[in-house]
Amino acid sequence: MTRTLRHPIALGVIAILLLILVASTFSIVPETKQGVIVRFGEAQRILNKYRPGEEFGRTGAGLAVRIPFLEQVVWIDKRIQSVEMENQQVLSTDQLRLQVDAFARYRIVDPLRMYISARTEENVSNQLKPILGSALRNELGRRPFAALLSPERGQMMDNIQNALNRVARQYGAEIVDVRIKRADLPDGTPLDSAYERMRTARQQEAGSIRAQGQKQAQIIRAEADAEAAATYAGAFNQDPEFYDFYRSMQSYEASFISPGTAQNPRGRTSIILSPSNDYLRQFRGNR
Amino acid sequence: MKRIFGWGRRLGAVLSDNRGGPWGSGGGGDDGSGDGGGPRNPWGPRRKAPGQRPEGGPNPFDEFLKKSRARIGTGFPRDGRPYWVYGLIAFLAIWILFTSVHRIGPQERGVVTFMGKYSGTMQPGIGFSWPSPVGGVTKLDVEEIQTITIPGTGENLILTGDQNVINLAYSVRWNIKSPELYLFQIANPDSTIREVAESSMRAVVARVSLDDALGAGRSEIEQRVEQNMQRLLDDYGAGVQIQGVAINASAPPEAVNQAFLDVSAAQQQAQSFMNGARAYALQQTARAQGEAAAFEKVYAEYRAAPDVTRRRMYYETMERILSRVDTTIVEAPGVTPYLALPEVQRRQQAAPQAAEGAPQ
């Protein structure tokens with residue numbers, strides 16, 4: 001015995017065997033994982049099962065013991081995971097098409113059930129994906145397009161979550177949240193017609209802005225004219241008779257004198273005066 | 001190595017003597033170690049590596065190997081302990097040193113686990129834990145503000161509440177609030193934050209009008225997205241703090257941008273209409289005031305001496321007019337005057353022509 005212990009190769013072999021034994025008896029359960037202990041394909045017990053509202057440090061994580069070689073541990077993620085629905089076209093009740101991306105977050109709360117019904121986590125996510133899609137289509141198909149862009153959206157999401165949760169429970173999963181990531185108009189006619197509507201709305205706005213501007217401008221002009229008229233009236237009304245004279249003098253001057261040229265400074269206007277004209281009163285010699 | 005030897009020897013065989021065909025039956029190039037009956041090339045032996053066992057006695061390396069094997073076999077040097085025990089102890093010491101002493105930077109926190117179970121958070125400084133695999137420490141940077149920018153490239157079209165489409169680019173800043181939650185609660189925290197950001201932004205924008213999203217309502221949208229995201233992530237227990245959401249650019253989609261530009265052009269035009277009108281208004285009122293003031297001045301004079309002023313103004317005006325126009329006075333009452341209007345017209349036209357044609 002001592003001889004074998006002293007022999008390095010034998011020692012190494014024993015160490016390796018011991019390590020294998022330890023590794024297949026003890027396992028460290030991290031916080032992020034749950035384990036199902038399986039004996040010959042039959043689930044025996046669960047390590048670190050998720051309990052709602054538990055605090056890290058008081059979970060079932062830690063060292064776990066199992067019967068070596070007879071029992072295996074199947075690890076299942078304990079964290080919240082995501083399943084995404086690829087871009088899908090959804091038809092609303094008013095026959096509008098929408099391109100929808102959605103995601104659901106779930107957590108495996110019953111590892112045993114999940115192990116029995118789906119075996120692997122990947123299967124769970126594969127099972128949930130189409131159900132998310134159909135739940136979404138059902139829910140959106142019952143409502144008009146506008147409902148998707150309204151506070152009703154929250155209610156719709158709750159309905160989808162409930163529908164999905166019913167199925168998820170069969171796989172030992174719990175849906176934490178369902179959200180629509182994107183809801184877009186599909187490329188092509190729907191998007192183009194939306195663009196066209198936006199464009200015409202803007203053209204209308206531009207037109208009305210211009211018309212408003214013109215209206216304002218006209219009002220400003222009219223007000224100025226009115227103000228000017230009031231100013232004139234205030235001054236001229238002191239003596240209408242003198243105003244008549246004063247203004248006619250200005251008017252004659254403005255209208256009879258046409259601008260002359262350098263060669264003909266007298267302009268093109270000819271005035272024929274009768275001797276009886278008042279201007280020629282003194283010329284006539286009358287007193 | 002052996003291959004090279006084989007080649008060398010084969011080459012040598014071909015070069016020196018072609019006995020036995022080109023691929024030299026006796027060359028024995030394939031095994032490379034055999035001497036064979038083939039001719040030796042002149043530099044073949046010289047190329048032999050020291051490891052290659054020559055036919056004659058053992059080389060020093062062989063002897064060394066033999067000796068060391070013997071030493072391990074008996075396993076006991078003079079002081080009675082095998083060397084490998086020291087090796088093992090040294091290895092263990094280094095292992096423990098490296099896996100149980102942790103330097104946590106000022107930005108970081110260390111999440112400590114014992115046997116996989118969360119046992120505490122290490123503050124900045126030097127911290128000790130059980131060596132791996134019993135204990136474990138994961139360092140996380142909690143102070144660093146991370147930024148997610150959406151979209152990476154291209155347009156990010158979002159439907160608004162009035163069924164219009166807007167192109168929004170925004171960024172979300174966040175940091176780790178609680179390292180153990182961040183580590184243990186969610187499978188892909190980073191992509192989760194991104195998805196939550198996108199979904200929150202779309203949910204909020206779906207409730208505002210296009211005009212709000214383009215302009216005035218932006219800060220409110222930012223705030224609501226931030227609150228929304230924080231609430232969702234807290235529901236998940238993600239251990240993440242949203243520091244802020246910033247809309248970097250909000251614009252109408254490329255396809256309809258021209259129409260939106262036209263609106264601002266219309267606004268400018270409306271402004272310029274109004275500016276023109278205001279200029280006119282100023283002109284009009286100023287002119288009216290000027291004229292009224294002039295009238296008042298003259299009227300004050302007139303009131304002082306109405307008759308004389310009136311006459312004076314009349315004569316002055318007539319003088320100014322008649323001095324600048326052709327004047328004809330028709331005398332002789334009782335005679336019907338011949339008013340040669342065509343003649344007058346001709347004279348008017350002739351005057352400029354004469355001025356041009358003759359020097360006179």
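Please read these numbers as outputs of a predicted model, since none were measured by experiment.

Looking at the overall build of chain B
Piece 1. Check the secondary structure of chain B and you find 10 helices and 10 strands.
Piece 2. For chain B, the residues scored as buried account for 24% of the 360 residues in total.
Piece 3. A fraction of 63% describes how many contacts in chain B between residues 6 or more apart in sequence connect residues 24 or more apart.

Re the overall build of chain A
Piece 1. Regarding its fold elements, chain A presents 7 helices and 9 strands.
Piece 2. Counting only residues that meet the buried cut, chain A has 26% of its 287 residues in that class.
Piece 3. Residue pairs at least 24 apart in sequence account for 67% of intrachain contacts in chain A once pairs closer than 6 positions are excluded.

Things to note about helix α6 (residues 189-236) of chain A
Piece 1. With 48 residues, α6(A) extends 69 Å from end C-alpha to end C-alpha; this agrees with the ideal 70 Å at 1.5 Å per step.
Piece 2. Within the span of α6(A), buried status applies to Ala194(A), Met198(A), Arg202(A), Ala206(A), Ile209(A), Gly213(A), Ala217(A), Ile220(A), Ala224(A), Ala228(A) and Thr231(A).

Let's talk about unusual backbone geometry
All names here are of chain B.
Piece 1. Omega for the bond connecting isoleucine 150 with proline 151 falls within 30 degrees of zero, at -5°, which places this linkage in the cis form.
Piece 2. Phi at methionine 115 takes a positive value of approximately 55°, unusual for a residue other than glycine.
Piece 3. Its location among the elements puts methionine 115 in the loop between β2 (108-114) and β3 (117-122).
Piece 4. For methionine 115, a count of 19 C-beta atoms within 10 Å puts it in the partly exposed group.

Points about the interface of chain B and chain A
Piece 1. Across the contact, 85 residues belong to chain B and 84 residues belong to chain A.
Piece 2. Among the elements that make up the side of chain B that touches chain A, the one with the highest residue count is helix α8 (residues 257-304) of chain B (28 residues).
Piece 3. Residues that form the side of chain B that touches chain A fall into these classes: 46 nonpolar, 22 polar and 17 charged.

Observations regarding the nonpolar core
Piece 1. Grouped together as the largest cluster of nonpolar side chains are 85 residues, with contacts concentrated most on Ala104(A), Leu132(A), Leu136(A), Leu164(A) and Val205(B).
Piece 2. Contact partners of Leu132(A), with chain neighbours within four places excluded, come to Val83(A), Met85(A), Ala102(A), Ala104(A) and Leu164(A).
Piece 3. By size, the runner-up hydrophobic cluster in this structure holds 12 residues, among which are Ile220(A), Ala228(A), Ala270(B) and Ala281(B).

Examining the environment of Thr231(A)
Piece 1. Take Thr231(A): it is sitting in helix α6.
Piece 2. Those residues in contact with Thr231(A), other than ones at most four positions away along the chain, are Ala288(B), Gln289(B) and Ala292(B).

With respect to the sheet that holds strand β8 (residues 173-184) of chain A
Residue and element names in this part refer to chain A.
Piece 1. Reading across from one edge, β6-β7-β8 is the order of the 3 strands in this open sheet, with antiparallel pairing throughout. A single partner strand is all that each edge strand has here, and the edge strands are β6 (81-91) and β8. Pairs of neighbouring strands in the sheet enclose a mean axial angle of 20°, with direction left out of account.
Piece 2. Looking at chain direction, strand β7 (residues 97-108) and β8 are connected through 10 bridges and run antiparallel. Each residue of the ladder has a partner; that of isoleucine 108, found in β8, is alanine 173.

Points about the sheet that holds strand β5 (residues 71-77) of chain A
Residue and element names in this part refer to chain A.
Piece 1. Ordered by their spatial adjacency, 3 strands build an open sheet running β3-β2-β5, and the pairing between neighbours is antiparallel. Bordering the open sheet on either side are β3 (42-47) and β5, each of which pairs with just one other strand. Taken pair by pair, the neighbouring strands of this sheet meet at an average axis angle of 30°, ignoring direction.
Piece 2. Sheet topology places strand β2 (residues 33-39) next to β3; 5 bridges connect them, and they run antiparallel. By the bridge assignment for β3, glycine 35 is matched with leucine 47.

Let's talk about the confidence of the model for chain A
Piece 1. Averaged over every residue, the pLDDT of chain A is 84; residues scoring 70 or more account for 93%.
Piece 2. The lowest-confidence element of chain A is helix α1 (residues 2-6) of chain A, averaging 60 in pLDDT; the highest-confidence one is α6(A), averaging 91.

A look at the pairing of strand β8 (residues 165-176) of chain B
Residue and element names in this part refer to chain B.
Piece 1. The sheet contact formed by strand β6 (residues 146-150) and β8 spans 5 bridges and is antiparallel. Within β8, the residue paired with isoleucine 148 across the bridge is valine 172.
Piece 2. Bridging between strand β7 (residues 157-159) and β8 involves 3 bridges; their strand directions are antiparallel. By the bridge assignment for β8, leucine 159 is matched with valine 165.

Let's talk about helix α4 (residues 121-141) of chain A
Residues and elements named next belong to chain A.
Piece 1. Taking 1.5 Å per residue, 21 residues should reach 30 Å; α4 reaches 30 Å between its end C-alpha atoms and fits that length.
Piece 2. Restricting attention to buried positions, one finds in α4 the residues Val124, Leu128, Leu132, Ala135, Leu136, Glu139 and Leu140. The buried residues of α4 occupy one face: seen down the axis, they fall within an arc of 105°. Looking at α4, the residues exposed on the side facing more than 90 degrees away from the buried face are Asn126, Pro130 and Gly141.
Piece 3. Considering only its buried residues, α4 is in contact with β6, β7, α3 (111-117), α5 (152-170) and β8.

Brief notes about the packing of helix α7 (residues 240-256) of chain A against helix α9 (residues 306-322) of chain B
Piece 1. Closest axis-to-axis distance for the α7(A)/α9(B) pair is 9 Å, and the angle between their directions is 5°. Classified by the interaxial angle, the pair formed by α7(A) and α9(B) is roughly parallel. Packed against α7(A), whose contacting residues are Phe245(A), Met249(A), Tyr252(A), Glu253(A) and Phe256(A), the element α9(B) presents Arg310(B), Met313(B), Tyr314(B), Thr317(B), Arg320(B) and Ile321(B) at the interface.

Remarks on the packing of α6(A) against α8(B)
Piece 1. In the contact formed by α6(A) and α8(B), the axes pass within 8 Å of each other and the chain directions differ by 5°. Between α6(A) and α8(B), the angle falls in the class roughly parallel.

Some words on the confidence of the model for chain B
All names here are of chain B.
Piece 1. Confidence along chain B averages 77 in pLDDT terms, with 69% of residues attaining 70 or more.
Piece 2. Counting interchain partners and residues more than four positions distant, the pLDDT-below-50 stretch residues 1-38 has 46 contacts.
Piece 3. Predicted confidence is poor over residues 44-54, with pLDDT under 50, and the contacts of this stretch with residues over four places away or in other chains come to 10 contacts.
Piece 4. Here the predicted complex scores 0.67 on pTM and 0.75 on ipTM.

The rules behind the values
- Residues numbered from 1 in each chain as written.
- Chains lettered and ligands numbered in written order.
- Predicted model: local features only at pLDDT ≥ 70, side-chain atom pairs only at ≥ 80, totals over all residues.
- Helix = DSSP H or I, 4+ residues; strand = E, 2+ residues; numbered from the N terminus.
- Buried ≥ 20, exposed ≤ 12 C-beta atoms within 10 Å, placed from the backbone.
- Contact = placed C-beta atoms within 7 Å.
- Expected span 1.5 Å × (residues − 1).
- Nonpolar A, V, L, I, M, F, W, Y, C, P; charged D, E, K, R; others polar.
- Core = buried A, V, L, I, M, F, W, Y, C linked by C-beta atoms within 7 Å.
- Pairing = 2+ DSSP bridges.
- Axes fitted to C-alpha atoms, helices over the stretch in contact; angles between N-to-C directions.
- pLDDT = per-residue confidence, 0-100.
- Arc of directions from axis to C-beta.
- Parallel < 35°, antiparallel > 145°, perpendicular 65-115°, else oblique.

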